[in-house]
Every structure is written in structure tokens, then in C-alpha cells.
Amino acid sequence: MAGTEQTMPKTSAQPSGLARLWEGISILFESKIAVVGLLIILFWIFVAIFAPLLTPYTPTEQDYTAQNEAPSARHPLGTDSLGRDIWTRLIYGARVVLVVLPVTETFWLPLGTALWGVLLGLLVGSTLGLMGGYLGGWVDEVVMRLLDAMMAFPVVLLYMIIIAAVGASATNVVLAIAIVGTPGIARLVRSLTLDIRTRDYVRAAEVRGESPWYIMFVEILPNARGPIIVDAMLRVGYAIFAMGTLGFLGLGLPPPSPDWGSMVAKGRQYILSGSPWAALWPSVAIGSLVVGLNLFADGLSEESTRYQ
Amino acid sequence: MAKFILRRLLLMLLTMLLVSIAVFLITEAAPGNVARNVLGIHITPEQEASFLKQQGLDKPFYVRYLNWLIGSDWRAERRIGMPVKQITTEDGFREWWAVDADGSLIRWDMEGEDLIANRRQPDGSVTKTVDNDRWRVEDPSREMELLTQYRAEIAQDDQLDDADREAILRETDQIIAILDREHPSEEALEAALSEPEAALEAMIDPDALRKQTTLQQLASRVGGKNRVLQALVIHQQLSDIPAAQLGRSDIESMARQLRGAAQDLQEADPRLADQLEQTAQSLDDGDMAAALATLEDVAPRLDELTGSLGTFIYALEAEDYRQAVVALRRLSDPSQGTLEAADQTLIADLLAAMGNQLEDDLPELGESLTQAADDLQSEDAETARQSLAAAANRLDETASTIVRSQRAQGARVARTFWGVDTGNRAVKWQKGTGEVVWRLVPGSGWLASIGGPAEYVPLQKGLVRGDPGLSLRTGRPVADLLFRRLRNSLVLAGIAFVIVMPLALLLGLIAGLNQGKTIDRVLSVGGMMFSVTPQFVTGIFLILIFAFWLDLVPGATVFGEKAPWERPRMLILPVATLTLIELGYVLRITRASMAEVMREPYIRTAFLKGLPYRRIVFKHAVRNALMAPITVIMLHVNWLLGGIVVVEVIFGYPGLGSYILDSTLFKDFNAIEGGAMVLVAVAVTTQLLADILYTFLNPRIRFT
């Protein structure tokens, strides 16, 4: 990093890391919208992590004597058509979205399904974008035509076909989110790479005789991280959106997993027969989380541009 | 400009080709198969194979892709040796016919062993004549090879009686010898074959196939109705079919049936009933392994309770008559004690149901079974045993006839003929083999027939000639439904578009002009919330508020064949959902664009010149500010299409999106491809429109 700072005198004039972090946080608190968004996100992360402590039930526990009940003291948000506690299913559902990725029944990875989808998309998309932007020539041509074809494909159709091909499971939802996100990320990274490759420190590395892969991943990628991170934040929101939609269309996590989208899909059948709760609460959950993420990202970018 | 459009159109065709190949490959790689999806998991492997064959799905994938793309009729013509032609009848059905030498239209079907030519008269009526002269022995040496194989199978066949086996083997050997010799002409070959074939013919009971079907139907009807036997069937299915291949609805129906069985057994064996209930619970939870383990435990007890009638029914279904007879004999054998261990009311019910079912087609067997049921009801076990033994003997006789006829049929030399059948396929008919064809006839279930076609080429013109093929799910042309669904979707999207555009642009301009003020804050945060909320969430909220709590408008759409605009009230909520989603997006873009334009130097100049505010906004700013939103909206169509799919699913709206979703879930290849092509065409065309529109709004850009 020292080398970078010498070539960019502007950054060396900035305060130290801790002070910059504090500045960032204070910018955040300037924006009421961003604070509201952050609170919503933190709420969901909190209930997701401490889910087992916040409810006496398990998400698959059925009670045939209490089906489709309205909220009560026993079931704070009511029960669904199989007599399962909706609050419990909601907070365990938040776990799958934000905190864990259930790969198999017994093997769970940390970080949520949505996050893994975005990370995988970032990995593939960045690699393609770097290759296209830095190597140029026929590589660029091939990568770009491929991505163009993928972008001409209606997103939902792509989701449906991918899930239909690989079957419905958390890992495959991650795959689908990654595949659909890849073209956008690749385009962004490519345009950043085209800009950064002309910088002097890239020249210097080339003169030193570094391999193209070293230059791409060690010289270019870290210097393009700003816009990529902002983009990724918005993509997490979109990944949650996509998870919900897939679940709603019956392509999400297989039952009886507490999947928000499929909870809505199942609860929807009972709305017009007088029990709206099973459809209402997961809708509220998914809506609030996605809106929270966007409020946060929005407020942050607005405040930071105002200070520039 | 023309050149630019032409190039874009060519690119569109290229994209469509790539997409169609990609969709095809992915669907090909997907697990599950369309036969199971369309016909349910209860079909037998023979029925499945027969279905796949009839749809031409047994061919390698590149053949199927080419058929879909460029048609199969030209290939079929070579096989048939006559030109084929598609006509549209007066009722609007599309039919394929072969064109005979004299120019008349002809196609064929089979009645028993006779080939029947259907000739279409100029007035549209059809005359039928027997047309057996067209049969040919395709390739004597190949027939000989097949027959030699068949001979080996017969020699091993344990279902055949010894005497029958010998007789069949004798004739087979003769036929093989005849085929081995050189014959001067086809007539000479036919003449030589006539004697041994007549001998085989004599061994065939013309009713054999009907009897066989009756027994098989007995199995599926009686076995399917009895919930306790069904529990055994579920055990079988769970251990045979990999869990991944079972759909949700299959599992749900299994759980339901197990609960039913538990209810039926509550009296006889409460513990068993509890275990079944527990299995159903595991199925509901999606824990297939636990369900299977519990079933594994209870299966022997279930078998005992049903007196092995489960085994009997399986054996009938699998055409293993020997084992069926053995199962029945065991029930009648006093030394085994099977009858005593069983739940006699249950057995009596089952036997009575079977007897009833067989009343018409196999009266003697039916009577013995009914008798046994009556005896059991009057608690006369001894007589019941005798009736059961009699039934076993009758079944043995019937089975011998069926098996003998079947095997004798298979030993004859196949005559073949390539022609067009009445189901719009080029088919190779085969006479003289035991090839069983299963057809699903609406209303009467599966019907088996012998001597049906051995090979099928479904006739289609191919996509490049404007024919996207038949839907595997419905059997109707994809184009019929696809375009009606597309129209419905376009109506929905069109209404939403007409509402959204002026409203969103207006609100966006207002927000952009008042940047930073309260009105801007409200509009842009509100717009953001609507545009990022998943469509189904917005839809559910609208249903809850306007259909459930306020009860103002219907919360679902039911159209059937009708056009959507005939019930406008049902369109309100779907349109409102789409409007809200798009509104936020367009509003935000317009706002950003307007705010940017208002900061431009020429606007400042206009202000400094002292032009009135109204004039600056409408004459200078708006036109430039609208450029970005309009093009971005066009590029947004892909996204909008996704939104429409979800909205259609929420409201049960019969549009293109729900059509493709259903087709994907069914693996209905032709329908998926047709839908995908329409979607890609729509997406690419709107992008082209966006580019063209852009040149009008911004004269600085020229496409060359």
C-alpha cells in the first residue's frame, strides 16, 4: 500500500485508519435514513443469531390443535396451516438468509445464503471482468459476448431454468444468485480495470515482470474495491429479493425449511379464507429487510456524496 | 439506420439460437423426466417408455433439437417414401397426411392386425379401407436374429407351461429355418411362412390382451383404493425411487394416504396406526430417510394383516402370474395360518372389491373371489379356503392363456410399414410381434394394444418454419396457447405501462425540481421502497388490504378462455402491483436525471437571461431530462418480465410468465423453448426500440 500512496499524493493527506472509520460512522449518523436502515438490518441479524433463545418452539414443530391461528400470547405472530409458530419460522428463516448456509442437513457454513450468492458472483464476475479488461483482445471479445447473451436472457427465466436443472436446495439458490449476478459484476469490474490498467503502478509491475494474474489480483483488484463494495451491498439486497422470489415460485429451499418466500406462497392460499397471518408476516419480514438494506445504502451514498 | 436495424435483427436471431441451445442443454441435464411429471409417479416403466417413445423423446438429444428447429417432416418423407403435408381442417385442427401417388391424402391406423387406410375425400370426409398389401418383411436376416434371441428367452421363460413352451419353440425353429433360406421373391417368403404362422395363430386367444388388461386394472383399481395396501405401495415407491425425484405434491399425497391407512387400522392394531401416523409426519417434514426406516419396520406387519394380498396385487401389476397364484394358494393353505393372522374384515373387503371388478371380464375368477369374501364375512374360514383355492386354479388357467397368447404372438415374423398415423406422427407399424403400446386415453385410463407402432417420428415443421411443436403436457400446439398467454401478459403490462409512464415521469420531475425538500424526500424514499420490495410482497399487501380487509376488489383472477378485458375488475390488483413496482424505479431515474439537468450550465444561462421558470422547465429541461428515463425503462424490460411472472403467479393470472413457470416445472421442453424465444424476442426488440427512440430524442447520436 505504501507504493500506492506515493503515486497518489491525495490519499497520503488523509487521516489515519481509525480516524477515517470514525468519520465514516459520523457520516452515517448524519443521515436519519441510513440509521433507520441500519437498525432494521441489525434487528434481523440479532434475531437470526439468537433465534433459539427467542422462542420456545422449533421451526418444524407442528401443533394440529392450533392451525391458522391469529396472534396470541402463546404464538406472538400466530400459526400457519400446519400449526407451526410463525415467529419461530420467521427468525429461523432470517438465519438462512443472513447467518448460515445449510449445505447439507448436518453441514452448515457461516454467513447467509444471500451473502454466499453475492460472494460467489463477485469471485466469478471479478475474474471475468479482470480478464476481459486487462488481457483484452479475443479474451475480452469472448467474455463480453457471453455476458451480453446472458443479459439478454430474462432474469426470472434464467432463475427458473437454473433451478429446474439443478434442483431446489440452498446451495443451488446460491449458484443461481451467483450466475445471475455475474454479468453485472463482470461489466463493472471490466470498466474499472480498463481505467486502472493505465496507471503507473500497473506499468511498474509489468516492467518488474510480474505475471498477468498477479497484476490482475494484487495490483488492479484492490484498487478497484471501492465501487465494487458499494455495488456488492446493493447486490445483497437484491439477493434477498431473489431468494424470496424463488421461494415464492416454489423454487427455493425445500420444505420444511423456514424459507420466507415459500412461507408466503403457502400462506397465500389461506388469505381469502380468513387467515392472512401466515402470508402477512413473512411478507413484512422480507420487505423490511430489503428496504432496510436499501435505506442504509442509499443514505450512506447520499451523505458521502454531500461531504465530498 | 436500416443497416443498423438489420445488424441488430441478425444479432437477435443469433442470440435466440444460442439461448435455444442453452435452454435445451439445461433442460436435458435437469433431473426428473417429463413422463413422470405429466402422468404421475404411479406409471409403470413400460408405460413410461411407451409414452417417451410416442413423443419421440427416446431419440438422441441432437435429433430432437434439430426436429424442433428445422422440422422432422422431411426426414419422415424419406422413411415413408411419400411426401407428407400439413393441412388445417375446417374445425381449425392441424393434421398431417401423406400424399398418395394420385395426389389424394392418406393416413393409416390399425384395427386389430389389419392396416386401415384412411383416405380424405375432397369434402373433408374420410373413407376407410383395409390396406394390408403394404406390409413388408423389412429385413429377413435381422428378423432371424431377433427371433433367435426370442427363442432363447422363451426357453427360459418360467411363466409358460411346458407344453406351450414346446409348441412355441417348435414353430419358432421352423420359422428361423425358413428365414435362413434364400427366397426368390417376397411372395415366396410369405407363402413359406404361412404354415408355421397359422399354427402360432391357433395358439393365440383373441381375448388374451383384454384379460391381461383386466387383471392389471384390477391391481391398480383395487390396490389404489385400499389405503392399507397403498401404504405397502408407498413403501415400495420410497425404496425404489430416489428421494430427489419425488415432487412435493407426491410426498404430500403419500402422507395423506398413510394417514388414511392409519385411520383404517386404528381398530385392528393401534400401535401400527401410530407408526404410520409418525411416518406421515416424517414425510411432511421432508425427512425421507426416517419415513423409509419406519415403513421398513411396519411393512412385515402390514403384509401379515393383509394376508399377503399386497404381494398378490404387485405380482398382477408386474404380470408375474406365477407369484400371484402362489400368493393366493398360500392364503388358502390351512397349514400356513396366513388367513388366521390376517385382519379378516379387511381381506373380505378386498376380495369382494376384486370379485366385483372382475364380474364382467373374468366372471369365473370373479365369482370365486366374491364367494370367498362372503364366506369370510360369515366367518366360515374352511369354505373360504376352498373358494380361494378354486380362485387360484382359475387364475392359473387364465394366466396360462394370457402368457401363451403373448408368447405365441411374439414368435411371429414382424411385418413393418412406415406411414402417417392419425396422431400426426410418422410411425413404423409392426405386425406379428408382441410389442405392447400403452396409450393414455382420457376418461378410461391406460389402454394396452398389441401390434402397435415400434417407432415414432412426431411430425412438425420446426421453429424456423413457424411451428414450435406440441406441448408435451397438454398435447396441444404450443403456438395456440403461447400467443393467447402472450396477449394476456401484454394486456397486463400495457395497462400498467400506460398508467406508470405519465405518473412516474411527472412525479419524478416534481421530485427532481424540488431536490432536497420534503416532497422530494417523500417521493424518492417512497419510490425506493416500492421498487426494491419483492413483487410478491407488494402483491400480498395489496390483496390483504383491498381484497381481504376492505373487500373492494377480487383478490384473484379467473379467466379461463375469456379475454382478460372482459372482467376488468379482476385486473385492478395485478395492474396496481405492477404499477407500484415500476413507478418507484422510473420515478427515481427521472428524478436523478432532472436534478442533473437543472445543474447544467445552459439552464443557469436561461435563468440568468431572466426566462420565466415555467418556460425553462418545459422548454429546456424536460426534454433533456426525459432522455435517460425512457431508454433506461426500455432496458428495464427484462426486469419487468420477471415482475410479470411473479404478479401472474400471485393472482393466478393466465399469462406468459405463469405458462413458462408451469412448463419449467413439468420439463415441458417445447413449451419452455417457445416461451423463451418469445421472451428473448421481446427483450431484444425493446432494446432496439430504446436505441431508435434515443436517436430521436438526442439528434447528436447517429447510428450507421
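Residues numbered from 1 in each chain as written. Chains lettered and ligands numbered in written order. Predicted model: local features only at pLDDT ≥ 70, side-chain atom pairs only at ≥ 80, totals over all residues.

## Comments concerning the overall build of chain B
Assigned secondary structure in chain B consists of 28 helices and 10 strands. Considering only contacts within chain B whose residues lie at least 6 apart along the sequence, 66% involve residues at least 24 apart. (Helix = DSSP H or I, 4+ residues; strand = E, 2+ residues; numbered from the N terminus. Contact = placed C-beta atoms within 7 Å.)

## Some remarks on the confidence of the model for chain A
Residues with a pLDDT of 70 or more make up 91% of chain A, whose mean pLDDT is 80. Below a pLDDT of 50 lies the segment residues 1-12 of chain A, which in the model reaches 6 contacts outside its immediate sequence neighbourhood of four places, other chains included. (pLDDT = per-residue confidence, 0-100.)

## Topic: the nonpolar core
Counting 162 residues, the largest nonpolar core has L157, Y159, A239, I240 and L246 of chain A together with V586 of chain B as its most contacted members. Per-element accounting of this core gives the leading share, 15 residues, to helix 14 (residues 277-307) of chain A. Filtering out sequence-adjacent residues up to four positions away, I240 of chain A remains in contact with V97, A114, I286, L289 and V290 of chain A. (Core = buried A, V, L, I, M, F, W, Y, C linked by C-beta atoms within 7 Å. Buried ≥ 20, exposed ≤ 12 C-beta atoms within 10 Å, placed from the backbone.)

## Describing the sheet that holds strand 7 (residues 425-431) of chain B
All names here are of chain B. The 3 strands lie next to each other as 6-7-10, forming an open sheet whose pairing is antiparallel. Each end of this open sheet is capped by a strand with a single partner; those strands are strand 6 (415-420) and strand 10 (453-458). The mean inter-strand angle of the sheet, taken between neighbouring strand axes irrespective of direction, is 10 degrees. Inspection of the sheet shows strand 6 paired to strand 7 by 6 bridges, in the antiparallel sense. From the neighbouring strand, G419 faces strand 7, where its bridge partner is V427. Relative to the sheet, helix 5 (residues 73-80) contacts strand 6, strand 7 and strand 10, its axis offset from that of strand 6 by approximately 140 degrees. (Pairing = 2+ DSSP bridges. Axes fitted to C-alpha atoms, helices over the stretch in contact; angles between N-to-C directions.)

## Considerations on the environment of I5 of chain B
Take I5 of chain B: it is sitting in helix 1 (residues 2-29). Note: C-alpha distance between I5 of chain B and D691 of chain B (686 residues apart in sequence) is 9.8 Å.

## Section: the interface of chain B and chain A
With 42 residues of chain B in contact, the opposing surface of chain A contributes 37 residues. Of all the secondary-structure elements, those providing two or more residues to the side of chain B that touches chain A are helix 1, helix 21 (518-532), helix 22 (535-549), helix 26 (637-651), helix 27 (656-666) and helix 28 (669-697) of chain B. At 8 residues, the largest contribution of residues to the side of chain B that touches chain A is made by helix 22 of chain B. A class-by-class count of the residues in the side of chain B that touches chain A yields 33 nonpolar, 7 polar and 2 charged. (Nonpolar A, V, L, I, M, F, W, Y, C, P; charged D, E, K, R; others polar.)

## Digging into the pairing of strand 1 (residues 84-88) of chain B
Bridging between strand 1 of chain B and strand 2 (residues 94-99) of chain B involves 5 bridges; their strand directions are antiparallel. From the neighbouring strand, I87 of chain B faces strand 2 of chain B, where its bridge partner is E95 of chain B.

## Focus on helix 10 (residues 227-240) of chain B
All names here are of chain B. For helix 10, which comprises 14 residues, the first-to-last C-alpha distance of 20 Å matches the rise-based estimate of 20 Å (1.5 Å per residue) to within 8%. Considered for burial, the residues of helix 10 that qualify are V228, L229, Q230, A231, L232, V233, I234, H235 and L238. Buried residues along helix 10 sit in contact with helix 9 (208-225), helix 11 (248-265), helix 12 (270-284), helix 13 (288-305), helix 14 (309-317) and helix 17 (344-358). (Expected span 1.5 Å × (residues − 1).)

## Describing the packing of helix 22 of chain B against helix 23 (residues 568-598) of chain B
Residues and elements named next belong to chain B. Viewed as axis vectors pointing N to C, helix 22 and helix 23 meet at an angle of 135 degrees, and their least axial separation amounts to 9 Å. It follows from the interaxial angle that helix 22 and helix 23 lie oblique. Crossing of helix 22 over helix 23 shows right-handed handedness. Within the contact between the two elements, helix 22 uses Q535, T538, G539, L542, I543, F546 and A547 and helix 23 uses L573, A576, T577, L580 and I581. (Parallel < 35°, antiparallel > 145°, perpendicular 65-115°, else oblique. Left-handed = near helix turned anticlockwise from the far one by under 90°.)

## Comments concerning helix 9 of chain B
Over its 18 residues, helix 9 of chain B runs 26 Å from end to end, which matches the ideal 26 Å to within 8%, given 1.5 Å per residue. Residues of helix 9 of chain B that are buried include every one of L209, Q212, T214, L215, Q217, L218, A219, V222 and G223 of chain B, and no others.

## Examining the sheet that holds strand 5 (residues 126-130) of chain B
Residue and element names in this part refer to chain B. Here 5 strands make up an open sheet; going across it, the order is 1-2-3-4-5 and the pairing antiparallel. The open sheet is flanked by strand 1 and strand 5, the only strands paired with a single partner. Neighbour-to-neighbour, the strand axes of the sheet open up by a mean angle of 45 degrees, direction not taken into account. For strand 4 (residues 114-120) and strand 5, the ladder comprises 5 bridges, and the chain directions are antiparallel.

## Focus on the environment of T398 of chain B
Residue and element names in this part refer to chain B. Mapped onto the secondary structure, T398 falls in helix 19 (residues 381-410). Exposure remark for T398: the 23 C-beta atoms within 10 Å place this residue in the buried category. In the structure, T398 is positioned 183 residues away from L215 in sequence and 9.9 Å away in space, judged by C-alpha atoms. When residues no more than four places from it in sequence are discounted, the contact partners of T398 are K211, L362 and L365.

## Considerations on the confidence of the model for chain B
All names here are of chain B. Residues at a pLDDT of 70 or more form 94% of chain B, whose mean pLDDT is 80. Per-element averaging of pLDDT across chain B places strand 9 (residues 445-450) at the bottom with 68 and helix 24 (residues 601-609) at the top with 86. We note a pTM of 0.67 for the whole complex and an ipTM of 0.80 for its interfaces.

## Some words on the packing of helix 6 (residues 113-135) of chain A against helix 9 (residues 170-196) of chain A
The axes of two packed helices give the description: the angle between them and the distance between them. Residue and element names in this part refer to chain A. Here helix 6 crosses helix 9 at 35 degrees, and the two axes come no closer than 5 Å. Crossing handedness for the pair helix 6 and helix 9: right-handed. Within the contact of helix 6 with helix 9, the residues separate by chemical class into 18 nonpolar, 11 polar and 2 charged.

## Some remarks on the environment of P255 of chain A
Relative to the assigned elements, P255 of chain A resides in the loop between helix 12 (225-248) and helix 13 (260-268). Taking the C-alpha atoms as reference, P255 of chain A lies 9.9 Å from A168 of chain A; in sequence the two are 87 residues apart. Ignoring any residue separated from it by four or fewer positions in sequence, one finds P255 of chain A in contact with S262 of chain A together with R248 and G286 of chain B.

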